[in-house]
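Residue-level structural notes
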Amino acid sequence: MVEITIDEDACVGCGSCVEDCPNDVYEMNEDKGKTKVVKVEDCMACLSCHEICPAQAMEHQDIHVAKRLYIDRKVNDVLNRII
Amino acid sequence: MEMEIEEIRGTFKPELIPKETGGDIEDYEEALHVLMKFVGSMSSALEQVSGRGANAIVYQAGKRMGHEAGKMMDKTDNLEIALEELGEILGIEFYFEMWKPTGQEDYTIEKGDETIVKLLFMDCVVRQTLRRTGLPQKGPLCYLLYGYMVGAVEEVMSIKGKLDIDHVGPNACLKTLTIKWGGK
């Protein structure tokens, strides 16, 4: 089961994820001016919300992570050593 | 950066391919990146020259591939079996599953003489190629998979089919497969 965590300190409340999600997984919490997850069960883990979020405020757990063979292994190795 | 190229020297007979020519993982990685760049630039050039016609050309190429691949599979009129077979045809590089929103009871929806099923493509070489070359999704190259699926479904089930792209994302793409019963 997918779990989505929103970092409320990072979320800028732009609502891009609300607009972009095809399955209406998110809604705006008008009181807080932040995004909230309302239909996690409909999340198909396309991660469009990750791509559009300017604050990178969300995290998806327990999802199928697609292969990304376009990522250069050498670059990855260097990054792994740094991070 | 200076690149070291290792020359392979050996005897080559027409009936024998020396195993040394197989290369290692780094050679495959290089080849994959070169191919992705080639395919990406071909797709973008095709779109530049042919406009929206590019989609039709790539679709036709995919459909032909799908028909060829479908010939190797058992014929069936059961959609679930057909999709399992399609999964085998497409392999792990195009890993997909049937998908439905929570409010929907079954994966398939019957609508007149049509059956509709939503497919979630999780792993996709086309997506990887597009992201490798910085091209947008839903372009001509996506029509390759579109054609491939339709060709394979038509071949395995001997019916007409179509695949619509509902949503594209960096990790998964949702497509709707519609099959029209009543033959070709």
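Residues numbered from 1 in each chain as written. Chains lettered and ligands numbered in written order. Predicted model: local features only at pLDDT ≥ 70, side-chain atom pairs only at ≥ 80, totals over all residues.

**Concerning the overall build of chain B**
The condition is simple: Secondary structure elements follow DSSP: runs of H or I no shorter than four residues count as helices, runs of E no shorter than two count as strands, and numbering proceeds from the N terminus. Labels follow a simple rule on C-beta atoms placed from the backbone: if 20 or more others lie within 10 Å of a residue's own, it is buried; if 12 or fewer, it is exposed; otherwise it is partly exposed. Throughout, a residue-residue contact means that the two C-beta atoms, derived from backbone geometry, are no farther apart than 7 Å.
Helix and strand counts for chain B stand at 5 helices and 5 strands. Reading chain B from its N terminus to its C terminus gives the helix and strand order α-α-α-β-β-β-α-α-β-β. When the backbone C-alpha atoms are referred to their principal axes, chain B occupies close to 65 × 40 × 35 Å. Classification of the 184 residues of chain B by burial places 33% in the buried group. Of all intrachain contacts in chain B linking residues separated by at least 6 positions in sequence, the fraction that spans at least 24 positions is 64%.

**What about the interface of chain B and chain A?**
Where we set the bar: The residue classification treats Ala, Val, Leu, Ile, Met, Phe, Trp, Tyr, Cys and Pro as nonpolar and Asp, Glu, Lys and Arg as charged. All others, Gly included, are polar.
Counting residues at the interface gives 20 residues for chain B and 19 residues for chain A. Elements represented by at least two residues in the side of chain B that touches chain A include exactly helix H1 (25–50), helix H4 (125–133), strand S4 (160–168) and strand S5 (173–180) of chain B. Partitioning the side of chain B that touches chain A into residue classes produces 10 nonpolar, 5 polar and 5 charged.

**Brief notes about the packing of helix H2 (residues 53–70) of chain B against helix H5 (residues 142–157) of chain B**
All names here are of chain B. Our working definition: Think of each axis as a best-fit line through the C-alpha atoms, taken over the contacting stretch in the case of a helix, with angles from 0 to 180 degrees between the N-to-C directions. Throughout, a crossing is termed right-handed when the near helix is turned clockwise from the far one, and left-handed when it is turned anticlockwise from it by less than a right angle.
Viewed as axis vectors pointing N to C, H2 and H5 meet at an angle of 35 degrees, and their least axial separation amounts to 6 Å. The interaxial crossing formed by H2 with H5 has right-handed handedness. Looking at the contact of H2 with H5, its residues break down into 14 nonpolar, 8 polar and 4 charged.

**Remarks on the nonpolar core**
Applicable threshold: Nonpolar cores are identified as sets of buried Ala, Val, Leu, Ile, Met, Phe, Trp, Tyr and Cys residues joined via C-beta atoms within 7 Å.
Formed by 54 residues in total, the largest nonpolar core has its most connected members in B:Leu120, B:Met149, B:Val153 and B:Ala172. Looking at this core, the element that brings in the most residues is H5(B), giving 12 residues. When sequence neighbours within four positions are dropped, the list of residues in contact with B:Ala172 reads A:Met44, A:Ala45, A:Cys46, A:Ala66, B:Leu120, B:Phe121 and B:Met122.

**A look at the confidence of the model for chain B**
Short version of the rule: On a scale of 0 to 100, pLDDT captures the predictor's confidence in every residue.
Residues with a pLDDT of 70 or more make up 97% of chain B, whose mean pLDDT is 87. Two summary scores accompany this predicted model of the complex, namely pTM at 0.83 and ipTM at 0.86.

**Overview of the environment of B:Lys160**
Residues and elements named next belong to chain B. Tracing the sequence through the fold places Lys160 in strand S4. Residue class for Lys160 comes out partly exposed when judged on the 16 C-beta atoms lying within 10 Å of it. Sequence spacing of Lys160 and Trp181 is 21 residues, and the spatial spacing of their C-alpha atoms is 7.1 Å.

**Focus on the pairing of strand S3 (residues 34–37) of chain A**
Residues and elements named next belong to chain A. Selection rule: Criterion used throughout: strands pair if DSSP finds at least two bridges between them.
Pairing analysis gives 4 bridges linking strand S2 (residues 26–29) to S3, with the strands arranged antiparallel. Within S3, the position partnered with Met28 by the bridge is Thr35. Counted along the chain from S2 to the antiparallel partner S3, the turn is 4 residues long, and its residue Gly33 has a positive phi close to 70 degrees.

**Observations concerning unusual backbone geometry**
Residues and elements named next belong to chain A. Its identity is not glycine, yet Leu47 carries a phi of approximately 65 degrees, on the positive side. By C-beta crowding, Leu47 is classed as partly exposed, having 19 other C-beta atoms within 10 Å. Even without glycine at this site, Gln56 takes up a positive phi of about 50 degrees. By secondary structure assignment, the location of Gln56 is in the loop between helix H2 (48–52) and strand S4 (58–61).

**Concerning helix H3 (residues 79–90) of chain B**
Owing to its 3.6 residues per turn, the α-helix brings residues three or four apart onto one side. All names here are of chain B. This is how the line gets drawn: By definition here, a helix of n residues has an expected span of 1.5 Å times n minus one. To be clear, the arc concerns the directions from the helix axis to the C-beta atoms.
Under the 1.5 Å per step criterion, the end-to-end length of H3 is 16 Å for 12 residues, consistent within 8% with the ideal 16 Å. Of all the positions in H3, only Leu79, Ala82, Leu83, Glu85, Leu86, Ile89 and Leu90 are classed as buried. Projected down its long axis, H3 carries its buried residues within an arc of 160 degrees, all on one side. Residues of H3 that are exposed and angled more than 90 degrees away from the buried face: Glu80 and Glu88. Its buried side turned inward, H3 meets H2, strand S1 (96–99), strand S2 (108–111), strand S3 (114–121), H5 and S5. Looking one or two residues beyond H3, the residue adopting positive phi is Gly91, at roughly 70 degrees.

**Here we look at the environment of A:Gln56**
Using a count of 11 C-beta atoms within 10 Å as the deciding quantity, one classes A:Gln56 as exposed. In sequence terms A:Gln56 and A:Ile6 are 50 residues apart; their C-alpha atoms lie 9.2 Å from each other.

**Topic: the packing of H3(B) against H5(B)**
Residues and elements named next belong to chain B. For the record, the criterion: Any angle that is under 35 degrees is reported as roughly parallel, and any over 145 degrees as roughly antiparallel; angles of 65 to 115 degrees are reported as roughly perpendicular and all others as oblique.
For the pair H3 and H5, the least separation of the axes is 10 Å and the interaxial angle reads 130 degrees. Taken as axis vectors, H3 and H5 run oblique relative to one another. Between H3 and H5 lies a crossing whose hand is right-handed. Residues Ala82, Glu85, Leu86 and Ile89 of H3 lie in contact with H5, whose contacting residues are Met149, Ala152, Val153, Val156 and Met157. For the contact of H3 with H5, the residue count by class is 8 nonpolar, no polar and 1 charged.

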